[in-house]
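Analysis of the macromolecular model
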Amino acid sequence: MFIDEIKVYSRAGHGGKGCVAFHREAYRPKGGPSGGNGGNGGSVILQADHDLNNLVQQFYIPRLIAEEGHCGLGKGMDGPGGKDLLIKVPCGTLVYRLTPKVIPGLTVGQDEEELEELEDGEPVPPPAGILPVSAGIRPVFRRSGVEMAYELNLADEEPEKSSEEVRQRDKGELVADLTQDGQQFVLCQGGRGGLGNRNFATSRRQSPRFAQPGEPGEEGDFLLELRLIAEVGLVGYPNAGKSTLLTAISHARPKIAAYPFTTLTPQIGIVEYPKDYRRLAVCDVPGLIEGAHNNVGLGHAFLRHIQRCKVLVLLVDMAGIDGRKPWDDYRQLLHELELYDPALLQKPRCVVANKMDESVSEANLKQFKRKVTKTQVLPIAAGFDQGIEAFKELIREAVEAVGGA
Ligand SMILES: Nc1nc2c(ncn2[C@@H]2O[C@H](COP(=O)(O)OP(=O)(O)OP(=O)(O)O)[C@@H](O)[C@H]2O)c(=O)[nH]1
Ligand SMILES: [Mg+2]
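Residues numbered from 1 in each chain as written. Chains lettered and ligands numbered in written order. Predicted model: local features only at pLDDT ≥ 70, side-chain atom pairs only at ≥ 80, totals over all residues.

Right, let's get into the overall build of the protein chain. Summing up its helical and strand segments, the protein chain has 8 helices and 16 strands in all. Residue burial in the protein chain is summarised as follows: out of 405 residues, 38% are buried. Put simply, 73% of the contacts in the protein chain that link residues at least 6 apart link residues at least 24 apart. (Helix = DSSP H or I, 4+ residues; strand = E, 2+ residues; numbered from the N terminus. Buried ≥ 20, exposed ≤ 12 C-beta atoms within 10 Å, placed from the backbone. Contact = placed C-beta atoms within 7 Å.)

Written out as structure tokens, the structure is:
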């Protein structure tokens, strides 16, 4: 199972209570306050790990709850702290906060600065955003006899947003991007333990009968999203030969077959350059088809994995085996990429013509070059290892050109 997006609930441990106790011992009748401190609550910590490639662990355990701190005890004994919960996630995981961060002593919608500005005794203003005020566009109703129509000013409507912008709006606030192996992020900070009564003894108050309670640990809902980290992304129609090409250039062995959507999850292959030990990661995403933005085929779900790629490779089946024209495929691919995220079109891209061993491919390539001008096309036959070295050099040069080597 390949999981690249998952919602989790996380709660750090609460701090333990401080203790109220007084020392009793033979020959020390009033030994003084001796309540120990509560232990700190454990935090929930995410750590990027390059040995993982998907978020399946969080699919099975979506509640990340750290240990609570223990209460303080008499005889000056401090309570043990709760253990931190260390969760390993794959490199390339983005963390979004879905619920606003709750800081103890604040109401939802206020921030710390606002609280400091408020003077004592002043009534607390209602936090903005809790009571929704309807300020949306309202239609004007027009009547003529029994007929009724309403008028909307379309000029006031928000301009159409790309699907990437809409998704970003729904996801909440981005709080972390874990890209390096070993990088850590504290998802929820554990609560501080309360102080025991021995901390409050002074010369004038020698037997304090109070102690601090522990602070609550942070909690919230989060969205973890994996965007694989690869330098080169392979994009193409189903059956274009993406997996065959990945097999030819790397040790990856994705499934290859003559039916569409053989590849159902993104696959990563490492291309090695033995001369100078350079390595490049190449990502093969499931095929795109016309209407992918409307969730046709496997839809756009996997395009997020090429968002971090430095270079895109558009692989076109030049033999038109499935009965489509290669230049239509090319234009449709660009269109689908643009609908997903216009930033994808700003990335440098290479166009590669596959299946050049077929008899019709030469004629198709000539026509392709006439229709799609100003675009360099590299002819290869991935199934027969033709043009593979040239392809490896092409992607390497393209990655180096954007400063990736
Ligand atoms: N003649 C010819 N056939 C090829 C070539 N490369 C791949 N094929 C065939 O094309 C078919 C599809 O190849 P895949 O590598 O599975 O295609 P894909 O793009 O990964 O397809 P999906 O995973 O379904 O998106 C297979 O039957 C391959 O044998 C080639 O250079 N020449
Ligand atoms: Mg495939």
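Text resumes after the structure shown.
Attention now moves to the site of ligand 1. Near ligand 1 you find 25 residues, and of these Gly 241, Ser 243, Thr 263, Gly 287 and Gly 383 are the closest. Among the elements that line the shell around ligand 1, the one with the most residues is helix α4 (residues 242-249), at 3 residues. Here the shell around ligand 1 is built from residues that sort into 11 nonpolar, 10 polar and 4 charged. (Near = placed C-beta within 6 Å. Nonpolar A, V, L, I, M, F, W, Y, C, P; charged D, E, K, R; others polar.)

Below, the discussion takes up the pairing of strand β7 (residues 147-151). Remark: a regular strand shows side chains that alternate across the two faces of the sheet. Counting buried residues in β7 gives 0 out of 5 residues, a small share hidden from the surface. With 5 bridges joining them, strand β6 (residues 140-144) and β7 adopt antiparallel strand pairing. The residue bridging Ser 144 from the neighbouring strand is Glu 147, located in β7. Taking the residues that link successive antiparallel strands as the turn, the β6-β7 hairpin has 2 residues, and the phi of Gly 145 there is positive, at about 65°. (Pairing = 2+ DSSP bridges.)

A separate point is unusual backbone geometry. One non-glycine residue, Asn 239, lies in positive phi territory at about 70°. Among the secondary structure elements, Asn 239 is positioned in the loop between β11 (232-236) and α4. Judged by C-beta crowding, with 22 C-beta atoms within 10 Å, Asn 239 ranks as buried. Despite not being glycine, Lys 355 has its phi angle at roughly 65°, a positive value.

Right, let's talk about helix α8 (residues 388-401) for a bit. Given a rise of 1.5 Å per residue, 14 residues ought to cover 20 Å, and the 20 Å separating the end C-alpha atoms of α8 matches this to within 8%. If you check which residues of α8 are buried, you get Phe 391, Ile 395 and Ala 398. The arc that holds every buried residue of α8, seen down its axis, measures 65°, which confines them to one face. Those residues of α8 that are exposed and aimed more than 90 degrees away from the buried face are Glu 389, Ala 390, Glu 393, Glu 397 and Ala 401. The inward-facing, buried residues of α8 contact β11, α4, β13 (278-284), β14 (311-317), β15 (349-354) and β16 (377-379). In the stretch just after α8, Gly 403 is the one whose phi turns positive, near 80°. (Expected span 1.5 Å × (residues − 1). Arc of directions from axis to C-beta.)

Looking now at helix α7 (residues 361-371). Every buried residue of α7 is listed here: Ser 361, Asn 364 and Phe 368. The arc that holds every buried residue of α7, seen down its axis, measures 60°, which confines them to one face. Pointing more than 90 degrees away from the buried face of α7 are the exposed residues Glu 362, Ala 363, Lys 366 and Arg 370. Looking at the packing, one finds that the buried side of α7 touches α5 (326-340), β15 and β16.

A word on the nonpolar core. One broad trend across soluble globular proteins is that nonpolar side chains are buried collectively. In this structure, Val 44, Leu 234, Val 235, Val 282 and Val 313 are the most contacted members of the largest nonpolar core, which totals 68 residues. Residue contributions to this core peak at 6 residues, all from β14. Of the residues that make up this core, three or more belong to each of domain 1 (5-103 + 164-226) and domain 2 (232-401). (Core = buried A, V, L, I, M, F, W, Y, C linked by C-beta atoms within 7 Å. Domains from an automatic or database assignment.)

So, on to the sheet that holds β15. Taken together, the 6 strands give an open sheet; going across it, the order is β12-β13-β11-β14-β15-β16, and neighbouring strands pair in mixed fashion. Unpaired on one side and paired on the other, β12 (267-273) and β16 mark the two borders of the sheet. Direction aside, the axes of adjacent strands within the sheet are offset by 30° on average. In this structure, β12 lies alongside β13, joined through 7 bridges in antiparallel fashion. From the neighbouring strand, Tyr 273 faces β13, where its bridge partner is Arg 278. Relative to β16, α7 is tilted by about 175°, and along the sheet it contacts β15 and β16. (Axes fitted to C-alpha atoms, helices over the stretch in contact; angles between N-to-C directions.)

Taken in spatial order, the 3 strands line up as β4-β2-β9 in an open sheet, and their pairing is mixed. Across the chains shown, the open sheet's two edge strands, defined by having one partner strand only, are β4 (85-90) and β9 (184-188). Strand-to-strand twist in this sheet, taken as the mean axis angle between neighbours without regard to direction, amounts to 30°. Judged from the 4 bridges that link them, strand β2 (residues 44-49) and β9 form a sheet pairing that is antiparallel.

Here we take up the environment of Leu 174. Note that Leu 174 resides in strand β8 (residues 173-178). Between the C-alpha atom of Leu 174 and that of Val 95, which follows or precedes it by 79 residues, the distance is 5.9 Å. Excluding its chain neighbours within four sequence positions, the residues that come into contact with Leu 174 are Leu 94 and Tyr 96.

Let us look at the confidence of the model for the protein chain. Predicted coordinates in regions of low pLDDT should not be interpreted in detail. On average, residues of the protein chain carry a pLDDT of 85, and 86% of them reach 70 or more. Across residues 128-135, where pLDDT falls below 50, the model places 4 contacts with residues more than four positions away in sequence or in other chains. (pLDDT = per-residue confidence, 0-100.)

A few words now on the environment of Val 186. Within the secondary structure, Val 186 is located in strand β9. You can call Val 186 partly exposed: it has 14 C-beta atoms within 10 Å. As a C-alpha pair, Val 186 and Ile 45 span 141 residues in sequence and 4.4 Å in three-dimensional space. Those residues in contact with Val 186, other than ones at most four positions away along the chain, are Ser 43 and Ile 45.

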